[in-house]
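Read off the chains here:
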Amino acid sequence: MSDHYSPVVEHLADPETAREEGRRKMDWALQHMPILSELRESFLADRPLEGEVIAMAMHVEAKTANLVELLADGGAEVAITGCNPLSTHDDVSAALNAHENITSYAVRGVDDEAYYDAMHAVVAHDPTITVDDGMDMVKLVHEEYPELIDSIVGGAEETTTGVHRLRAMDADGELRYPVFAVNDTPMKRLFDNVHGTGESSLATIAMTTNLSFAGKNVVVGGYGYCGKGVAKKAAGQNANVIVTEVEPRRALEAHMEGYDVLPMDEAAAEGDVFITTTGNRDVITKEHFEVMKDGVLLANAGHFDVEVNLEDLDELAVDRFEAREGVEAYEMPDGRELNVIAEGRLVNLAAPIALGHPVEVMDQSFGIQAVCVRELVENGDDYEAGVHDVPDDLDREVAEIKLAAEGVEYDSLSAEQREYMDSWEHGT
Ligand code: NAI
């Protein structure tokens, strides 16, 4: 086993023990990842990614690590760093770094300078493919390493915020290679964003605080895919759910689902727990903190740490202290304490005990990532610069592997049904 240079190895007191622990976490996850396991068999046999260099900025934990190894087993050289300074598991980063085709630069809790140094170190591998969660790697390549763009066949983007940013970049005519919107495909968004974010955000908040949701007013900021999951699972734990929205149809959906829908100005005084899932900024600000109950919990499940305005909160506070590991209490002039979980960063990944989404949903998301990377290598020339939907046949391929692994059988259309569905001539 030979390590490449990596700051994580230097940082760890006992890298060998860390590597073993990281490997154990990866092995546990892989047992519940039938899609990656099946793809691994074909990737090992066919080596479809031979000769490619993949630059990744993703949450470096056990499930992602299995994707990274799959890509390396497919023949690629892979360099990876984190996409959030608090979501890295150092032991997993060390385990990855021991693979001869993988270099991991991710270290938990680094400052901004070290975080961006690691991004630059990844790009120094001269990637031919980028895989992002939040678009930072695409941005860095375009802004600081444009000379690499001609040799980059394409990229894949994991999350809603990254896809939003890429579409904005594309609309400005600035995106210079094709990127698959992995987030937007059914096998990702309908499971990862909904069930994954719902279950893991609530589990992380419960474990971090040792508090229950039952009987509490849980305010969910944003009723998109993630918000729907958080609301549904909170209701399943006997919370009273209040939704805030800015989009009329989403507000109506929440209303028809039976939730209270209120402006944040009103919800602020009602909530016991606040969870933002908007991908937007300043969802909870000064005027809201001023009317909140004593002891509220504030958490964010959106990609960036700008949904709960902590600068406003800090300005109002007369004191701040660590109330529990992962929970910071801000004391207001009137004595109320407002508790921020995981520094307002995406709670299910950045809290000290956070494990991210359940393994099963990440198997789906990363299965899509893997087939998208394979598609870029095999047919990259067919895609122009810009954001692309994941081809439907790739989404179906991953769904079929998952259903077979679960032992779920389903019907298929007969020739007559297919002909009927494709025809416009049948009427009453
Ligand atoms: P989405 O676009 O489906 O939903 C966002 C919703 O927030 C929309 O309905 C929008 O109208 C609403 N919204 C925007 N500004 C608002 C405001 N000021 N107040 C109230 N509502 C507002 O997006 P999706 O897929 O639900 O993702 C949301 C965020 O979560 C993104 O940042 C995404 O990257 C992130 N994400 C986080 C995950 C995690 O593991 N924590 C997993 C997947 C996505």
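Just so you know, these numbers come straight off a predicted model, no measurement behind them.

1. Thoughts on the layout of surface pockets
Part 1: Each pocket or cavity is described by its volume, and for the second largest pocket that value is around 420 Å³.
Part 2: Taken together, 19 residues line the second largest pocket, and the ones lying closest to its centre are Cys83, Tyr115, Tyr116, Asp136 and Phe304.
Part 3: Residue assignment for the lining of the second largest pocket shows that the elements contributing at least two residues are helix H6 (112–123) and helix H7 (136–144).
Part 4: When residues of the lining of the second largest pocket are assigned to their parent elements, the largest contribution, five residues, is made by H7.
Part 5: For the lining of the second largest pocket, the class distribution of residues is eight nonpolar, three polar and eight charged.

2. As for the site of the ligand
Part 1: Neighbouring residues of the ligand: 26 residues in total, closest Thr159, Thr160, Thr161, Glu245 and Arg250.
Part 2: The contact in question runs from an oxygen atom of the ligand to an N or O atom on the side chain of glutamate 245, over 2.5 Å.
Part 3: Contact distances for the ligand include 3.1 Å between a nitrogen atom and a side-chain N or O atom of asparagine 280.
Part 4: Looking at the shell around the ligand, the elements that each hand over two or more residues are helix H8 (160–171), helix H9 (186–209) and helix H10 (225–236).
Part 5: Ranked by the residues each element gives to the shell around the ligand, the list is headed by H9, at three residues.
Part 6: Taken together, the residues that form the shell around the ligand break down as six nonpolar, 16 polar and four charged.
Part 7: In terms of domain composition, the shell around the ligand takes at least three residues from each of domain 1 (7–188 + 357–406) and domain 2 (195–350).

3. Description of the domain arrangement of the protein
Part 1: For the protein, the assigned domains read domain 1 (7–188 + 357–406) and domain 2 (195–350).
Part 2: For domain 1 and domain 2, the distance between their C-alpha centroids amounts to 29 Å.
Part 3: Listed per partner, the contact involves 14 residues of domain 1 and 14 residues of domain 2.
Part 4: Buried area between domain 1 and domain 2, both sides added, is near 1200 Å², and the carbon and sulfur share of it is 62%.
Part 5: It is Leu86, Thr161 and His357 in domain 1 that bury the most area against domain 2; as a group they hold 41% of the surface buried on that side.
Part 6: Seen at the junction of domain 1 and domain 2, the total is zero salt bridges.

4. Some details on the UniProt feature "domain: S-adenosyl-L-homocysteine hydrolase NAD binding" (unreviewed entry) in the protein
Part 1: The sites that UniProt annotates as "domain: S-adenosyl-L-homocysteine hydrolase NAD binding" (unreviewed entry) are residues 193–354.
Part 2: As annotated, residues 193–354 comprises 38% helix and 22% strand, and the C-alpha atoms at either end are separated by 16 Å.

5. Topic: the environment of serine 365
Part 1: Mapped onto the elements of the fold, serine 365 is located in helix H16 (residues 359–379).
Part 2: Take serine 365: its relative accessible area is 0%, and that puts it in the buried class.
Part 3: Taking the C-alpha atoms as reference points, serine 365 and valine 398, 33 residues apart in sequence, are found 9.3 Å from one another.

6. Regarding the sheet that holds strand E13 (residues 327–331)
Part 1: A sheet is described by the order of its strands in space; here eight strands give the open sequence E9-E8-E7-E10-E11-E14-E13-E12, paired in mixed fashion. The open sheet is flanked by strand E9 (260–261) and strand E12 (319–324), the only strands paired with a single partner.
Part 2: Strand direction decides the pairing type here: strand E7 (residues 217–221) and strand E10 (residues 273–276), joined by four bridges, are parallel. By the bridge assignment for E10, valine 220 is matched with isoleucine 275.
Part 3: Those strands touched by H10 are E7, strand E8 (240–244) and E10, and its axis lies near 170 degrees from that of E7.

7. Quick look at the packing of helix H3 (residues 34–46) against H16
Part 1: In contact at an axis separation of 8 Å, H3 and H16 are set at 25 degrees when each is read in the N-to-C sense. The angle between H3 and H16 places the two elements in the roughly parallel class. Where H3 abuts H16, its residues Pro34, Ile35, Leu36, Leu39 and Phe43 lie against Asp363, Gln364, Phe366, Gly367, Ala370, Val371 and Arg374.
Part 2: Looking at the contact of H3 with H16 residue by residue, the classes come out as eight nonpolar, two polar and two charged.

8. Remarks on the pairing of strand E5 (residues 154–157)
Part 1: Taking every second residue as pointing to the same face, both faces of E5 are buried, with Gly154 and Ala156 on one and Gly155 and Glu157 on the other.
Part 2: Bridge count for strand E4 (residues 129–132) against E5 is four bridges, and the pairing is parallel. Bridging across to E5, aspartate 132 finds its partner in glutamate 157.
Part 3: Following the backbone out of E4, through H7 and into the adjacent parallel E5, one traces a crossover that is right-handed.
Part 4: Pairing of E5 with strand E6 (residues 178–181) involves three bridges; the strand directions are parallel. What sits directly across from alanine 156, in E6, is phenylalanine 180.
Part 5: Crossover connection from E5 via H8 to parallel E6: handedness right-handed.

Rules used throughout
Residues numbered from 1 in each chain as written. Predicted model: local features only at pLDDT ≥ 70, side-chain atom pairs only at ≥ 80, totals over all residues. Heavy atoms only, no water. 1 Å grid on protein atoms, 1.4 Å probe; cavity = no way out; pocket = protein on both sides within 12 Å on 5 of 7 lines; lining within 4 Å. Points joined across faces, edges and corners; volume = space filled by probe spheres on them. Helix = DSSP H or I, 4+ residues; strand = E, 2+ residues; numbered from the N terminus. Nonpolar A, V, L, I, M, F, W, Y, C, P; charged D, E, K, R; others polar. Near = heavy atom within 4 Å. Polar contact = N/O pair within 3.5 Å; in protein donor to acceptor, adjacent residues only side chain to side chain. Domains from an automatic or database assignment. Contact = heavy atoms within 4.5 Å. Buried area = accessible area lost by both parts, 1.4 Å probe. Salt bridge = Lys/Arg side-chain N within 4 Å of Asp/Glu carboxyl O. UniProt positions renumbered as here; feature names shortened; annotations may be inferred. Buried < 20%, exposed > 50% of the residue type's maximum accessible area, 1.4 Å probe, protein only. Pairing = 2+ DSSP bridges. Axes fitted to C-alpha atoms, helices over the stretch in contact; angles between N-to-C directions. Parallel < 35°, antiparallel > 145°, perpendicular 65-115°, else oblique. Right-handed = clockwise from strand over helix to strand, strands pointing away.

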